Amino acid sequence: MTLQAQASSSFAVGIPSLTSPLGGSSHRLVVRAKVEPSDKSVEIMRKFSEQYARKSGTYFCVDKGVTSVVIKGLADHKDSLGAPLCPCRHYDDKPAEAGQGFWNCPCVPMRERKECHCMLFLTPDNDFAGKEQAISLEEIKESTANM
Amino acid sequence: MAVSVSTSTIPSLNSGCSNRFAAPSSSSSSLQFPLRVPQIRIGTTGLWSPSRPRVLLVKATKQTFSSFDDLLANTDKPVLVDFYATWCGPCQFMAPVLNEVSARLKDKIQVVKIDTEKYPSIADKYRIEALPTFIIFKDREPYDRFEGALTADQLIQRIENTLKVKQ
C-alpha cells in the first residue's frame, strides 16, 4: 500500500488522520471533513424554514447555498444541543444559550423585527432576497456537497 | 524579518485536529488548515502535541506561525481577519468573495480566516458575537470592525477607505 500525495501539495504522512480509512490498495488519503447533521433534523429544519418563511412573509436568499448551510447549521445544533441555536453566532456557552432561548431559531430579533443575520429569512426589500419560500432536500444536499 | 505570506492563498484556522478536508470549490486559493495550508500552530491552547510538528509546505511558500499574535507580528501588511463558523450561511457565502478580494488587493492586505468553533479563545478575546465578523488589524491592533456578508466591491471599498483614512 502506498499513499499517494498530490503533486501540488505535500501531505505530511506523519500527521494522524483520525478518520482516514487506510488499508487495502493504494489510494489518496481521504479525510472526512466534519460531522454532518442527521437527515432527520435536516428535514425538520427544512420544513420549519419553509413554514416560517411563509408565515413571516420572508424569502430565502437568492443564493440557496446560504439557505442550505443555515438549515444544516440549525439541524446540527438541534442534534447536539436539543434546540436549533442560531449557527451564525459565537457563544461562550452553547448549552446555556440553547436553554435560555433568545437565540433559538426563530430568534427574538427575527420574531420581533424580522431581522435574520443568517440570511435565512429575508424581507422582500433585502438586496439578497430571492422569490422563493421553498427548498428541497435535494437542493440542500447539492449545495452543501462540497463542504 | 517579516514572513511574507503568499497573497493568493488564504490561511485559515479551522481545526485543532489534523483532519480537515479542503472543500474543492473553495480550495483554489483558500487554504484549509492543516493539510495543505500554512500551518498556524496555536501553542498556548493545549490543542497541539509539542512532539508533533505540524508545519507543511504549501506550493512554494513555507509559512509557520506559532500563534495568531505571531501571525499579526510577522505580517508587514494590514490583516483582514474573517471570524466564521462552518454552518454559518453568510460565512460560506463570503468564501469566494474573500478569495477575490485577496487577489485584487494582494499587495495591500493579508486575508486570514479563523474558525471560531476551533479557536474560541481568539473569538472570545475579540468579543466576537455575530458571524461573520471582520476585523482589519493594523500594527497588530484591531483597526476597523464590521459584521455581515457583503459583496467583493463593498468589501474592497471598506478596506480601502479604512486604510486610507488611517494612513
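Residues numbered from 1 in each chain as written. Chains lettered and ligands numbered in written order. Predicted model: local features only at pLDDT ≥ 70, side-chain atom pairs only at ≥ 80, totals over all residues. Heavy atoms only, no water.

Peer 1: Mind showing me how you'd approach the overall build of chain B here?
Peer 2: When you go through chain B residue by residue, the secondary structure sums to 4 helices and 9 strands. Residue burial in chain B is summarised as follows: out of 167 residues, 57% are buried. For chain B, the share of sequence-separated contacts (at least 6 apart) that also reach a separation of at least 24 residues comes to 64%. When the accessible area of chain B is evaluated, it comes to approximately 7100 Å², of which 48% is carbon and sulfur surface. (Helix = DSSP H or I, 4+ residues; strand = E, 2+ residues; numbered from the N terminus. Buried < 20%, exposed > 50% of the residue type's maximum accessible area, 1.4 Å probe, protein only. Contact = heavy atoms within 4.5 Å. Areas by Shrake-Rupley, 256 points an atom, 1.4 Å probe, with all protein chains shown as cover.)

Peer 1: Before we go on, may I ask you to explain the overall build of chain A in this structure?
Peer 2: Helix and strand content of chain A: 5 helices and 2 strands. In chain A, the order of α-helices and β-strands from amino to carboxyl end is β-β-α-α-α-α-α. Within chain A, the fraction of its 147 residues that count as buried is 46%. Residue pairs in contact within chain A that sit at least 24 positions apart in sequence constitute 60% of those at least 6 positions apart. For chain A, the computed accessible surface area is about 7800 Å², with 51% contributed by carbon and sulfur atoms.

Peer 1: Got a minute to help me understand the confidence of the model for chain B in this structure?
Peer 2: Detailed reading of the predicted coordinates is not advisable wherever pLDDT falls low. Residue and element names in this part refer to chain B. The predicted model of chain B averages 73 in pLDDT, with 59% of residues at 70 or higher. A low-confidence stretch, residues 1-8 stays under pLDDT 50, and its non-local contacts, those more than four residues away or across chains, total 22 contacts. Considering only residues more than four positions removed or in separate chains, one finds that residues 15-62, a stretch of pLDDT under 50, has 138 contacts. For this predicted complex, the interface confidence comes out at an ipTM of 0.77, alongside a pTM of 0.72. (pLDDT = per-residue confidence, 0-100.)

Peer 1: Just checking my understanding: could you explain the pairing of strand β9 (residues 141-147) of chain B for this structure?
Peer 2: Each regular strand carries side chains that alternate between the two faces of the sheet. All names here are of chain B. Pairing between strand β8 (residues 133-138) and β9: 6 bridges, direction antiparallel. Paired with isoleucine 135 across the two strands is arginine 145, which belongs to β9. Count of turn residues in the β8/β9 antiparallel hairpin: 2 residues, of which aspartate 139 carries a positive phi of about 55°. (Pairing = 2+ DSSP bridges.)

Peer 1: In this structure, what is going on with the packing of aromatic side chains? I would like to understand it.
Peer 2: Aromatic ring pairs are described here by two measures, namely the spacing of the ring centres and the angle between the planes. All names here are of chain B. Taken as a whole, this structure holds 10 aromatic pairs over all chains when the rule is applied. Relative to phenylalanine 137, the ring of phenylalanine 68 lies with its centre 5.6 Å away and its plane at 80°, an arrangement referred to as edge-to-face. Remark: phenylalanine 137 occurs in strand β8 and phenylalanine 68 occurs in helix α1 (residues 68-74); sequence separation between them is 69 residues. Residue classification places phenylalanine 137 among the buried residues on the basis of a relative accessible area of 1%. Measuring from ring centre to ring centre gives 6.2 Å for phenylalanine 83 and tyrosine 126, while their planes differ by 45°; the resulting arrangement is tilted. With a gap of 43 residues between them, phenylalanine 83 in strand β6 (residues 79-84) and tyrosine 126 in the loop between α3 (120-125) and β8 connect regions that are remote in the sequence. Residue tyrosine 126 is classed as buried on the basis of its relative accessible area of 10%. An aromatic cluster is present here, built from Phe68, Phe83, Tyr126 and Phe137 joined pairwise through their rings. Cation over ring: lysine 113 sits above tyrosine 84, and NZ or CZ is 5.6 Å from the ring centre. (Phe/Tyr/Trp six-rings, centres within 6.5 Å; stacked < 30°, edge-to-face > 60°. Lys NZ or Arg CZ within 6 Å of the ring centre and 35° of its normal.)

Peer 1: Could you clarify how one ought to interpret the packing of helix α1 (residues 39-56) of chain A against helix α2 (residues 64-81) of chain A in this entry?
Peer 2: The packing of two helices is summarised by the inter-axis angle and the distance between the axes. Residue and element names in this part refer to chain A. For the pair α1 and α2, the least separation of the axes is 8 Å and the interaxial angle reads 125°. On the basis of the axis angle, α1 is oblique to α2. Considering how the two elements wind past one another, α1 and α2 form a crossing that is right-handed. For the pair α1 and α2, contact is made by Ser41, Val42, Ile44, Met45, Arg46 and Ser49 and by Ile71, Lys72, Leu74, Ala75, Lys78 and Asp79, respectively. (Axes fitted to C-alpha atoms, helices over the stretch in contact; angles between N-to-C directions. Parallel < 35°, antiparallel > 145°, perpendicular 65-115°, else oblique. Left-handed = near helix turned anticlockwise from the far one by under 90°.)

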